[in-house]
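Residue-level listing of the chains:
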Amino acid sequence: LSFSYRGRMSSSSSTNNNFNNNERTTTIEISPNVFMPRLAFGTYKLKGAQCTKAVKKALEIGFEHIDTASIYKNESDIGEALEEWMTTTKTATNDDDDDGNDEKKTKKNFERKMPFLASKIAPAEMHSKLLVEQAVAKILIRLRIPAIDLIMLHWPGVSKVSPASEIHKEKRKDAYRALEKCLKEGKIRAIGVSNYHVRHLEELLSYCEIKPSVNQIEAHPMWPQEDLIEFCESKGIAVVKYSPFGGGGAPLLDDAFVSTREEEKEGGGGGGDEERELAADIADDQAWKPSQILLAWGLLRGGRKNRGNSKTLCGAVVVKASSEERILENYEVLEKDFFNSKYLSRKLKVWDSVETRKKFAWDSDCVK
């Protein structure tokens, strides 16, 4: 299939949202003329019909960024969803006629656009330049696309080698060189890395011809990674944050956990004016769900200099869900007013006060 990419060649998004046009946009330019939507639909652990259905629903709801990886083993399922999405005609009825004459109503066809697609090269595919090039080709075949927006090295090391081995340095250098080659050949529009620490990035920046566009990392209130994010920001590397709710089971959304954090921050509650102010905030039409608060935290928080920031977005966030209700709930964070919600501001301060540090995904700091 030959897909249209025109929808992503602009810094403005088609999404209907409350972001201020000049100060915040729903996309970020990660490479010349390559714009990445800031909210990505994650597909980790989604497979088969469940994956295809969830991706189609995410696209219908409005997601414009799909994140996957070779190691997820679901790219073929996503490719099926994309093909169905692009080949199904989108129609809308012209309801401008108010005279009640249904015969005057017409249907108009709208061109669907491909979402921004991101995938990752697995450690087992990084043992040689040839393997990386073959992995890229296979990703395109599985996704049923001629080229892809973004491919990252999933890990700063290769499989079946001790984390302390010097071999990782050579292998990840060759793997990145292969991505640069694929980009020059037009198979990839932007390249990046995932789970890289500062020292991994410093090493990469010392030899790369094309700077990595992104670094995808775990980041949430219990693992904010402010120093790493600040380094990325200083080098012009966009940060994509995964696990916004913590690890499997979304522990940061646990009611008991959230209540404890609020009590610690607010001294067990307050009274009088504070309670009335909070009640008014909750009552307004912008009522925020706990998941949306954490997504907002991820979109607003960056390096240490951005702590307390509520004016500009920082990078992007990957969020996964399988049910229509949760997919919609996550997407609707884009329709919130980040600037004027006192309720959001109050909740973000609660999360900023968390002192416990816990990483839920594997830590690549051990990789030489």
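This text goes with the structure placed above it.
The rules behind these values
By convention here, each chain's residues receive numbers from 1 onward along its written sequence. In keeping with the model being predicted, local features are shown solely for residues with a pLDDT of at least 70 and side-chain atom pairs are shown and tallied solely at 80 or more, while totals for entire chains, interfaces and linings include all residues. Side-chain figures throughout are based on the complete set of non-hydrogen atoms in the structure, without hydrogens or water. Only protein chains enter the accessibility calculation, which uses a 1.4 Å probe; a residue is then buried when its area is under 20% of its type maximum, exposed when over 50%, and partly exposed in between. Strands here mean DSSP runs of E at least two residues long; helices mean DSSP runs of H or I at least four residues long; both are numbered from the N terminus. Throughout, a contact is declared for two residues whenever any of their heavy atoms are within 4.5 Å. Note on ring pairs: Phe, Tyr and Trp rings are taken, using the six-membered ring of Trp, and paired if centres are within 6.5 Å. Classes follow the plane angle, with under 30 degrees stacked, over 60 edge-to-face and the rest tilted. When the NZ atom of lysine or the CZ atom of arginine is within 6 Å of a ring's centre and also within 35 degrees of its normal, the charge is said to sit over that ring. Only when DSSP finds a minimum of two bridges between them are two strands counted as paired. Lines fitted to the C-alpha atoms define the axes, with helices restricted to the stretch that makes contact. Angles between their N-to-C directions range from 0 to 180 degrees. We define a salt bridge as a contact between a side-chain nitrogen of Lys or Arg and a carboxyl oxygen of Asp or Glu at a distance within 4 Å. Orient the strands so they point away from the viewer, and a crossover whose first-strand-to-second-strand path over the helix runs clockwise is right-handed. Our angle categories are set so that under 35 degrees counts as roughly parallel, over 145 as roughly antiparallel, 65 to 115 as roughly perpendicular, and the remainder as oblique. When residues are sorted by character, Ala, Val, Leu, Ile, Met, Phe, Trp, Tyr, Cys and Pro go into the nonpolar class, Asp, Glu, Lys and Arg into the charged class, and all the rest, Gly among them, into the polar class.

Count 3.6 residues to each turn of an α-helix, and residues three or four apart come out pointing the same way. Within helix α6 (residues 226-234), the full set of buried residues consists of Glu-226, Leu-228, Ile-229, Phe-231 and Cys-232. Elements in contact with the buried residues of α6: α5 (198-207), β10 (214-218) and β11 (238-242). Remark: Gly-236 follows α6 within two positions and exhibits a positive phi of approximately 75 degrees.

This next bit is on the packing of aromatic side chains. According to the stated counting rule, one finds 5 aromatic pairs in the structure shown. Relative to Trp-362, the ring of Trp-155 has its centre 6.5 Å away and its plane inclined at 80 degrees; by these criteria the two rings are edge-to-face. Residue Trp-155 is found in the loop between β8 (148-153) and α4 (167-184), and its partner Trp-362 is found in the segment after α11 (342-352); the two are separated by 207 residues along the sequence. Assessed through its relative accessible area of 16%, Trp-155 is described here as buried. With a relative accessible area of 72%, Trp-362 lands in the exposed category. Note that Lys-173 overlies the ring of Tyr-207, its terminal NZ or CZ placed 5.1 Å from the centroid. Looking at Lys-336, its charged tip hangs above the ring of Trp-288, at a distance of 5.7 Å from the centre.

A separate point is the sheet that holds strand β3 (residues 39-42). Spatial strand order, β3-β4-β7-β8-β9-β10-β11-β12: 8 strands in a closed barrel with parallel pairing. Neighbour to neighbour, the strand axes of the sheet diverge by 30 degrees on average, direction disregarded.

In this structure the tally under the stated criterion is 21 salt bridges. Ionic pairing is found between Glu-185 and Lys-181, a salt bridge with its closest N-O pair at 2.7 Å. On the accessibility criterion, Glu-185 (40% relative accessible area) is partly exposed. A salt bridge links Lys-359 to Glu-218, with the nearest nitrogen and oxygen atoms 2.9 Å apart. Pair noted here: Lys-359 is in the segment after α11 and Glu-218 is in strand β10, with a separation of 141 residues, a long-range link. By sharing partners, the salt bridges in this structure join Glu-133, Lys-181, Glu-185 and Lys-187 into a single network.

Here we take up the environment of Ile-293. With respect to the helices, strands and loops of the structure, Ile-293 is situated in helix α9 (residues 290-300). Discounting residues that sit within four places of it in the chain, Ile-293 has contacts with Trp-288, Tyr-343, Leu-344, Lys-347, Leu-348 and Trp-351.

Moving on, we get to the pairing of β3. Neither face of β3 is left uncovered, since the one carrying Leu-39 and Phe-41 and the one carrying Ala-40 and Gly-42 both have all their residues buried. In this structure, β3 lies alongside strand β12 (residues 316-320), joined through 4 bridges in parallel fashion. Paired with Ala-40 across the bridge in β12 is Val-318. Of the pairings in the sheet, the one linking β3 to strand β4 (residues 65-67) comprises 2 bridges and is parallel in character. Looking across to β4, one finds that Phe-41 is bridged to Ile-66. A crossover connection joins β3 to the parallel β4 through helix α1 (residues 48-61); in handedness this β-α-β unit is right-handed.

What follows concerns the packing of α9 against α11. Across the interface, α9 lies against α11 with an axial gap of 10 Å and an inter-helix angle of 75 degrees. Between α9 and α11, the interaxial angle falls into the category roughly perpendicular. Only Tyr-343, Leu-344, Lys-347, Leu-348, Trp-351 and Asp-352 of α11 make contact with α9, whose side of the interface consists of Ile-293, Leu-294, Ala-296, Trp-297 and Leu-300. Of the residues that constitute the contact of α9 with α11, the class distribution is 9 nonpolar, no polar and 2 charged.

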